[in-house]
Amino acid sequence: INPEITVGKTRATWTPYVYVVMGNLLKVLTCTDLEQEPNFFLDFENAQPTEAERETWDEVDVVLKDALAILDELQAYKGAGQEIREAIQNPNDEALQDQAWAAVVPLVGKLKKFYEFSQRLEAALHSLLRALTSETYDDPTQHLEREQALAKQFAEILHFTLCFDELKMTNPAIQNDFSYYRRTLSRMRINNVPAEGENEVNNELANRISLFYADATPMLKTLSDGTTKFVSENKNLPIENTTDVLSTMASVCKVMLETPEYRSRFSSEETVSFCLRVMVGVIILYDYVHPVGAFVKSSKIDVSETIISLLRDQPPNSVEGLLNALRYTTKHLNDESTTKTIKSMLQ
């Protein structure tokens, strides 16, 4: 019986039921996980959708098909720094002003595209959360084990998100280009100069895009806010249904990485990096959604003893970005309730 589904809801009962409910209620209140870690192989490389998964899988697949192209475009993003500098240094040279504007407009089109993709990604996340927290199965372990294709898509969204944010953080041209675009556009409007080009954005959209890129990790913030929004919009769904899916996914990744039998089934070493990235992503989401976060002693995710140690055992250059994500993008790390061990391990 899943305590989060049964407690407080009317359903057919049998004699031992009340004892189970009382025990599970105590488990929810104390936030401790009395069960063993999930122990199964989640096939991130080859999982294919069942008929029951197909509708949600198809819906999310349309979004994920565009994710690789988005990363490629972001990786190739060079910015218009040179043109902008020359235009600023020579404010009376109309030719240089025109050159800078011509260079920036198509780049802003790309930035708008990335922002709009974040909205599609949030919608895809909601579709997956609806499926993975439904009452189709009794607990999150069954969901992830029996709906592996959806679990794989959920992992792919997290993997994309952390990859996108790592690229964005190392590219200051993104914010510089957009700031120049907004300043120039404002000046053109004041002077009644028509701003031609399909990539022009109105003030409201420009404000939203600006806020998006102002965050150090914009895609992760989109997913964190989106997960919190999913919980608040589904008040009939206990929050534990969502947080338990996240903590179980983190545990599954950890178990696969620690178990030689499972790890040997990876056909590529890149799957190890994939698992590490997904594990960190779900910890961050859990930390945003769970009322007390991921770093308290009673957390269902064993962050300190195994997960941080597991990350630190990898080659430093391959995981420094992930450790930084835990250091700087989580919500509760600096709370007083966070154990000193975790704080010292992430220093």
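Residues numbered from 1 in each chain as written. Predicted model: local features only at pLDDT ≥ 70, side-chain atom pairs only at ≥ 80, totals over all residues. Heavy atoms only, no water.

The name given to the protein in an unreviewed UniProt entry is Family with sequence similarity 49 member Bb, with Cyprinus carpio as the source organism. Per UniProt, the comment on the protein under Sequence similarities (unreviewed entry) is "Belongs to the CYRI family." Looking at the Subcellular location (unreviewed entry) heading of the UniProt record, one finds this comment for the protein: "Membrane". (UniProt positions renumbered as here; feature names shortened; annotations may be inferred.)

A word on the environment of Ser264. Structurally, Ser264 can be placed in the loop between α12 (260–263) and α13 (270–289). On the basis of relative accessible area, Ser264 is assigned to the exposed category, the value being 59%. A polar atom in the side chain of Ser264 sits 2.9 Å from the backbone oxygen of Glu261. (Helix = DSSP H or I, 4+ residues; strand = E, 2+ residues; numbered from the N terminus. Buried < 20%, exposed > 50% of the residue type's maximum accessible area, 1.4 Å probe, protein only. Polar contact = N/O pair within 3.5 Å; in protein donor to acceptor, adjacent residues only side chain to side chain.)

Turning our eyes to something else, we now look at the packing of α13 against helix α15 (residues 316–328). At their nearest, the axes of α13 and α15 sit 10 Å apart, and the two run at 5° to each other. In terms of their interaxial angle, α13 and α15 are classed as roughly parallel. Contacts between α13 and α15 involve Leu276, Arg277, Val280, Ile283 and Ile284 on the former and, on the latter, Val319, Leu322, Ala325 and Leu326. Here the contact of α13 with α15 is built from residues that sort into 8 nonpolar, no polar and 1 charged. (Axes fitted to C-alpha atoms, helices over the stretch in contact; angles between N-to-C directions. Parallel < 35°, antiparallel > 145°, perpendicular 65-115°, else oblique. Contact = heavy atoms within 4.5 Å. Nonpolar A, V, L, I, M, F, W, Y, C, P; charged D, E, K, R; others polar.)

The biggest cluster of nonpolar side chains holds 104 residues, and the ones touching the most others in it are Phe154 and Leu311. Broken down by element, the residue count for this core peaks at 18 residues, all from helix α5 (residues 94–132). Beyond its immediate sequence surroundings of up to four residues, Phe154 is in contact with Leu125, Leu128, Leu129, Leu132, Leu246, Met249, Val282 and Leu285. (Core = buried A, V, L, I, M, F, W, Y, C linked by side-chain atoms within 4.5 Å.)

What follows is about the environment of Thr227. Tracing the backbone through its elements, the reader meets Thr227 in helix α10 (residues 218–233). With 102 residues separating them along the chain, Thr227 and Leu125 place their C-alpha atoms 7.8 Å apart. Excluding residues that lie within four positions of it along the chain, Thr227 makes contacts with Leu125, Leu129, Thr242, Leu285 and Val289. A polar atom in the side chain of Thr227 sits 2.8 Å from the backbone oxygen of Leu223.

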